[in-house]
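Observations on the three-dimensional arrangement
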Amino acid sequence: SGAILTVHAASQSTSSGKLCNISSRAKVGVGSDILISGFVVTGTQTKSLLIRAVGPGLAQFGVPGLLQNPKLQVFSGSTMILDAAAGSRLPSVDEARAAAQTAGAFALSDSSMDIEIVHAFAPGGYTVQVSGENGETGIAIVEVYDLDPANSSNQVVNLSTRAFVGKDSEILIPGVVVTGSSPTQLLIRAVGPGLKQWAVSNTLTQPKIELYKDTTVVASNVGWTTAGNAGNIATVSSQVGAFPLNESDADCALLVTLAPGAYTLHVSGADGGTG
């Protein structure tokens, strides 16, 4: 159940900015309500990434209702390639700590039950599943950091997150960091009703998406067909291989060109709904 948020790099030119850090914060439930994120690595070489599932470590930011014992699994297709229990630091505590420092990630206690994994990923699509040990629930964040963003031979070009969207602190909050020296175009979509074509139940009826730079809303949408560049949104969706959005559905989308920097997205129910 829930809604899905996707961020596509509409331009993959090596001269433009690139996605180097993608994250999503949400309420982690059980069954179909766990936190599910996906990413795509392009190119012909392996890409070294830091992947983190953080629950207890969010306490330093005053986040309530945290997932105290996260569990993280990474899949390539239907094959599980990584399985990390709460408190895992892979391949070692020292390497995970060094990678976090390199990536500029906020520090975690070595003894916390948060998870940090450094792994070299071959080009392709991957899915990250974050759940709670023994059916535990709570707020957590999943993060993917590119440890070699200057390497133009392969890139992280897509983020997708499916999660339950609640209210207040339980809305879906993804973040993206764009690096480079020039702006890059991103296609951002928040899909609720459109998930019904895959028999997903309890979807968010009317998503609302807001794009923040620091505390300022720089773009927002409720209903993608109401966007001034709706035609371009449909065209770019096809170009990047995203499934088409139905004009009669209340899904949301933004096609924006962003300068290098850090941005946050808020996905909520426009009518106060959840799903």
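Going by the structure above, here's the rest.
Residues numbered from 1 in each chain as written. Predicted model: local features only at pLDDT ≥ 70, side-chain atom pairs only at ≥ 80, totals over all residues. Heavy atoms only, no water.

In this structure, Leu5, Val7, Phe39, Leu186, Ile188, Ile209 and Leu211 are the most contacted members of the largest nonpolar core, which totals 50 residues. Those residues in contact with Leu211 that sit more than four places away from it in its chain are Ile188, Thr216, Val217, Val218, Ala219, Leu254, Val256, Leu258, Tyr263, Thr264 and Leu265. One finds Ile4, Val191, Ala253 and Leu255 within the second-largest nonpolar core, a separate group that totals 13 residues. (Core = buried A, V, L, I, M, F, W, Y, C linked by side-chain atoms within 4.5 Å. Buried < 20%, exposed > 50% of the residue type's maximum accessible area, 1.4 Å probe, protein only. Contact = heavy atoms within 4.5 Å.)

Tallied over the entire structure, the rule returns five aromatic pairs. With a centroid separation of 4.9 Å and 75° between ring planes, the pair formed by Phe121 and Tyr126 is classed as edge-to-face. Under the relative-accessibility criterion, Tyr126 is labelled buried at 8%. Taking 4.7 Å as the distance between ring centres and 80° as the angle between the ring planes, the aromatic pair formed by Trp198 and Phe243 counts as edge-to-face. (Phe/Tyr/Trp six-rings, centres within 6.5 Å; stacked < 30°, edge-to-face > 60°.)

Here we take up the environment of Asn69. Positionally, Asn69 belongs in the loop between β4 (47–54) and β5 (70–76). At 3.2 Å, the side chain of Asn69 forms a polar contact with the side chain of Glu136. (Helix = DSSP H or I, 4+ residues; strand = E, 2+ residues; numbered from the N terminus. Polar contact = N/O pair within 3.5 Å; in protein donor to acceptor, adjacent residues only side chain to side chain.)

All buried positions along helix α1 (residues 93–103) are accounted for by Ala96, Ala99 and Ala100. Buried residues along α1 cover an arc of 100° about the axis, so they all sit on one side. The exposed residues of α1 that point more than 90 degrees off its buried face are Asp94, Gln101 and Thr102. At its buried positions, α1 is contacted by β4, β7 (89–90) and β8 (115–121). (Arc of directions from axis to C-beta.)

Remember, this is a structural readout, not a statement about activity or role.
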